[in-house]
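# What the coordinates show
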Amino acid sequence: MPEPRDRATRKVDLLTALTAPAADVWVATASPDAAAHLVPLSLAWIDDRAVIALEERSVTARNIGASGIARLAIGPTRDVAMIDAVLERWAGVDDDESLGGAYAAQADWDPRGLAGYVFLVLRPTRIQAWRESNELAGRVLMRDGAWVV
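Residues numbered from 1 in each chain as written. Predicted model: local features only at pLDDT ≥ 70, side-chain atom pairs only at ≥ 80, totals over all residues. Heavy atoms only, no water.

Our next topic: the pattern of salt bridges. Going through the model one piece at a time under the given rule, you end up with 13 salt bridges. Between Asp84 and Arg71 there is a salt bridge, with its nearest N and O atoms 2.7 Å apart. Taken as a pair, Asp84 in strand 6 (residues 80–92) and Arg71 in strand 5 (residues 69–74) lie far apart in primary sequence, 13 residues in all. On the basis of relative accessible area, Arg71 is assigned to the partly exposed category, the value being 32%. Among the ionic pairs, Arg131 bridges to Asp79, the shortest N-O distance being 3.7 Å. Here Arg131 is found in the loop between strand 7 (117–130) and strand 8 (140–143), whereas its partner Asp79 is found in the loop between strand 5 and strand 6, with 52 residues between them in sequence. Because the salt bridges share partners, they merge into one network encompassing Arg5, Arg10, Asp13, Asp79, Arg131 and Glu135. (Salt bridge = Lys/Arg side-chain N within 4 Å of Asp/Glu carboxyl O. Helix = DSSP H or I, 4+ residues; strand = E, 2+ residues; numbered from the N terminus. Buried < 20%, exposed > 50% of the residue type's maximum accessible area, 1.4 Å probe, protein only.)

Rendered as structure tokens:
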């Protein structure tokens, strides 16, 4: 088992993963009647926000719209980050040129021009990152929307 990383190193590693070209994220949501839903989506990390693009009528968009929250997971099992986030804003893919350009540049696909697609801008409130059990202590990197590192 590798030596545990300190929090500062974990934050650097996390930001590298979040800003990587063609980053993917698992997005977990729940319906108003508590039915769990999990999907993989492309991710862009823009201005310390997780931005996803999806069909406005998708289960994920409806769930986030109703609850205002989502949980995101990035990375493999032995180098995972869990991000609890709140919906900051919802924009049609053609409504914000700057957001659309930044998303397309990182996500490696461009939803602009697709009817019924939206961007959801998610503000992280809590972030945890760890590799092995020896990194469980100190895994919280953000609490109440503020970095603790």
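One pass over the full model with this rule turns up one cavity of 30 Å³ or more. Size it by volume and the largest cavity reaches roughly 30 Å³. Forming the walls of the largest cavity are Pro2, Glu3, Pro4, Arg131, Glu132, Asn134 and Glu135. Split by residue class, the lining of the largest cavity holds two nonpolar, one polar and four charged. (1 Å grid on protein atoms, 1.4 Å probe; cavity = no way out; pocket = protein on both sides within 12 Å on 5 of 7 lines; lining within 4 Å. Points joined across faces, edges and corners; volume = space filled by probe spheres on them. Nonpolar A, V, L, I, M, F, W, Y, C, P; charged D, E, K, R; others polar.)

Buried within helix 2 (residues 59–67) are the following residues: Thr60, Ala61, Asn63 and Ile64. Down the axis of helix 2, the smallest arc covering the buried residues is 165 degrees, so these residues share one side. Where helix 2 is buried, its residues contact strand 1 (24–30), strand 2 (36–42), strand 4 (49–55), strand 5, strand 6 and strand 7. Taken from the residues just after helix 2, Gly68 is the one with a positive phi, measuring 80 degrees. (Arc of directions from axis to C-beta. Contact = heavy atoms within 4.5 Å.)

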